Amino acid sequence: MEHLVYFEDLGFRHYKSVWDYQERLLARNVALKSDETTRNLTTNYLLFVEHSPVYTLGKSGKREHVLISEEEMHEKNIDFFHINRGGDITFHGPQQLVGYPILDLDKFKTDLGWYLRSLEEVIILTLAHYGITGSRSKGETGVWIDPDKPGFERKICAMGIKCSRWITMHGFAFNVNTDLNYFNYIIPCGIKNKQVTSLQKELGRTVPMEEVKQLVKENFARVFEVTYMS
């Protein structure tokens, strides 16, 4: 069975405006599910966006994983938000594809482990298009390259979600041509002594963002068995 998903490419946006937008879409769906007569009328969304530089700290994250002060962040024009997703500290910025699926998992599968593994599979399939083997690292959500080679493990896509009444928000951050220097000022995802990488770094060339967006969009449709509306 294929599900309908409204797709929206938001372009380049500051983090807070998109967080607020997600919250509105989530609240609308939660309200529908709270009423027995409308509980089947929820709408699924997939949002793509690039953010201006920002660090986001998950609800269980540790502030000490941010290695610079608020004053230094201000000097470097980096925003900071303590937010309501799972996971620890991560970075969003230009040339990083951020995806926010707002899905009613009652229409898919009510299993967060399945949902996260499926998101990972979307990125793994996308990497395969470029001849890169993306993998999972045991106990560490996201997509990695060489996770089983000590000293060579590098994360290319971070993930963190929130789920209310089986409706998701937040999602994944896929480093395409991302400036990786921003990760030097944090302990990414709270994981020490492991690297962060990008598609550009792995391939040794800049990759067109529109090309990557199209591949991720197609692979999302394949993995989640969806049809897009706009």
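In case you missed it, the structure is sitting above this.
This text gives an overview of the structure that appears in the document. Residue numbering note: each chain is counted from 1, following its sequence as written. Given that this is a predicted model, residues contribute local features only at a pLDDT of at least 70 and side-chain atom pairs are listed and counted only at 80 or more, while totals for whole chains, interfaces and linings are drawn from all residues. To get the side-chain values, take all heavy atoms of the structure and skip hydrogens and water.

**Points about the overall build of the protein**
The criterion, for reference: Numbering of helices and strands runs from the N terminus, with a helix taken as a DSSP run of H or I at least four residues long and a strand as a DSSP run of E at least two residues long. Restricting the calculation to C-alpha atoms gives the radius of gyration, and the globule rule supplies 2.2 Å times the number of residues raised to the power 0.38. For this analysis, residues touch if any pair of their heavy atoms sits within 4.5 Å. When charges are counted, neither His nor the chain ends are considered; positive counts come from Lys and Arg and negative counts from Asp and Glu. To locate a charge, take atom NZ for lysine, CZ for arginine, CG for aspartate or CD for glutamate.
Each helix and strand in the protein was counted, giving five helices and twelve strands. Taking 17 Å as the expected radius of gyration for a compact globule of 230 residues, we find that the protein reaches 17 Å, a close match to that expectation. The C-alpha extent of the protein, read off along each of the three principal axes, is 50 × 40 × 30 Å. Of the contacts made within the protein by residues no fewer than 6 positions apart, 74% connect residues no fewer than 24 positions apart. Between the centroid of the 28 positive side chains of the protein and the centroid of its 30 negative side chains there is a distance of 3 Å.

**Digging into the packing of aromatic side chains**
Inclusion rule: In summary, the pairing rule links any two rings of Phe, Tyr or Trp, Trp by its six-membered ring, whose centres are within 6.5 Å, and it sorts them by plane angle into stacked for under 30 degrees, edge-to-face for over 60 and tilted for everything else. Each residue's exposure class comes from its accessible area (1.4 Å probe, protein chains only) as a fraction of the maximum for that residue type: buried when under 20%, exposed when over 50%, partly exposed otherwise.
For the structure shown, the criterion picks out 13 aromatic pairs. Both rings, one in Trp-114 and one in Phe-224, keep their centres 5.7 Å apart while their planes meet at 80°; by these two values the pair is edge-to-face. Taken together, the residues span a long stretch of sequence, with Trp-114 in helix α3 (residues 112-129) and Phe-224 in helix α5 (residues 209-224) at a distance of 110 residues. Phe-224 sits in the buried class, given a relative accessible area of 3%. Judged by centre distance (4.4 Å) and plane angle (25°), the rings of Phe-220 and Phe-224 are stacked. Of this pair, Phe-220 and Phe-224 both sit in helix α5, separated by four residues, roughly a single helical turn. Comparing Phe-220 with Phe-224 shows no difference in burial state: the two are buried.

**Brief notes about the pairing of strand β4 (residues 79-82)**
Applicable threshold: Only strands joined by at least two bridges in the DSSP assignment are considered to pair. Orienting the strands away from the viewer, one traces the path from the first strand over the helix to the second; a clockwise path indicates a right-handed crossover.
Two elements, strand β3 (residues 54-57) and β4, share four bridges in a ladder whose sense is parallel. Residue pairing in the sheet places Val-54 in a bridge with Asp-79 of β4. In the classification by handedness, the crossover that spans β3, the intervening helix α2 (residues 70-75) and the parallel β4 is right-handed.

**A closer look at the nonpolar core**
What counts, and what does not: To form a nonpolar core, buried Ala, Val, Leu, Ile, Met, Phe, Trp, Tyr and Cys residues must be joined to one another through side-chain atoms within 4.5 Å.
Within the largest apolar cluster, 36 residues are counted, with the highest numbers of intra-cluster contacts made by Ile-123, Phe-172, Phe-174, Leu-199, Val-212 and Phe-224. Elements supplying a minimum of two residues to this core: β1 (3-13), β2 (45-51), α3, β8 (140-145), β9 (154-164), β10 (167-175) and α5. Excluding residues within four positions of it along the chain, Phe-224 makes contact with His-3, Leu-103, Phe-108, Trp-114, Tyr-115, Ser-118, Leu-119 and Val-122. Residues Leu-26, Tyr-45, Ile-102 and Ala-173 belong to the second largest nonpolar core, which totals 18 residues.

**What to know about the sheet that holds β3**
The following threshold applies: A fitted line through C-alpha atoms represents every axis, and for helices the fit uses only the stretch in contact; the resulting angles, taken between N-to-C directions, go from 0 to 180 degrees.
Strand order in this open sheet of three strands is β4-β3-β5, and the pairing throughout is mixed. Every other strand in the sheet has two partners, leaving β4 and β5 (89-92) as the edge strands with one partner each. On average, adjacent strands in this sheet sit at an angle of 20° to one another, irrespective of strand direction. Of the strands in this sheet, β3, β4 and β5 touch helix α1 (residues 15-33), which is tilted by about 30° from β4.

**Looking at the pattern of salt bridges**
Our working definition: Any carboxyl oxygen of Asp or Glu that lies within 4 Å of a side-chain nitrogen of Lys or Arg is treated as forming a salt bridge with it.
One pass over the structure, following the stated rule, counts twelve salt bridges. Taking the shortest distance from any N to any O, the salt bridge between Lys-213 and Asp-9 comes out at 2.9 Å. One end of the pair, Lys-213, is in helix α5; the other, Asp-9, is in strand β1, and 204 residues separate them in sequence. The closest approach of N and O atoms between Asp-20 and Lys-16, which form a salt bridge, is 2.8 Å. Remark: Lys-16 and Asp-20 occur in helix α1; sequence separation between them is four residues, near one turn of the helix. The class for Asp-20 is partly exposed, based on a relative accessible area of 30%. By relative accessible area, which is 37% here, Lys-16 ends up partly exposed.

**Points about the side chain of Asp-88**
Short version of the rule: By the criterion applied in these results, polar contacts are pairs of N or O atoms within 3.5 Å in which, for protein atoms, one can donate a hydrogen and the other can accept it, and in which residues neighboring in sequence qualify only through two side-chain atoms.
Within the fold, Asp-88 resides in the loop between β4 and β5. A polar side-chain atom of Asp-88 sits 3.0 Å from a polar atom in the side chain of His-65.

**A closer look at α5**
Three or four residues apart is the spacing at which side chains of an α-helix point the same way, because the helix has 3.6 residues per turn. We count it as follows: What a helix should span is 1.5 Å times the count of its residues minus one.
The terminal C-alpha atoms of α5 lie 22 Å apart, and with 16 residues this matches the ideal 22 Å at 1.5 Å per residue to within 8%. Buried residues of α5: Met-209, Val-212, Lys-213, Leu-215, Val-216, Asn-219, Phe-220, Ala-221 and Phe-224, and no others. Phi turns positive, to about 55°, at Glu-225, one or two residues after α5.

**A closer look at the packing of α3 against α5**
A packed helix pair is summarised by two numbers, namely the angle formed by the two axes and the spacing between the axes. As a reminder of what qualifies: For classification, angles of less than 35 degrees are called roughly parallel, those exceeding 145 degrees roughly antiparallel, those between 65 and 115 degrees roughly perpendicular, and all remaining angles oblique. Left-handed is the label given to a crossing in which the near helix is rotated counterclockwise from the far helix by less than a right angle, and right-handed is the label when the rotation is clockwise. Residue classes follow a fixed rule: Ala, Val, Leu, Ile, Met, Phe, Trp, Tyr, Cys and Pro count as nonpolar, while Asp, Glu, Lys and Arg count as charged, and any other residue, Gly among them, counts as polar.
The N-to-C vectors of α3 and α5 enclose an angle of 135°; their axes lie 9 Å apart at closest approach. As far as their axial angle goes, α5 and α3 are oblique. The interaxial crossing formed by α3 with α5 has right-handed handedness. When α3 is examined against α5, the residues Trp-114, Tyr-115, Ser-118, Leu-119, Glu-121, Val-122, Leu-125, Thr-126 and His-129 are found in contact with a partner set consisting of Leu-215, Val-216, Asn-219, Phe-220, Arg-222, Val-223 and Phe-224. Its residues placed into classes, the contact of α3 with α5 shows ten nonpolar, four polar and two charged.

Functional significance is not addressed by these values, which are geometric in nature.
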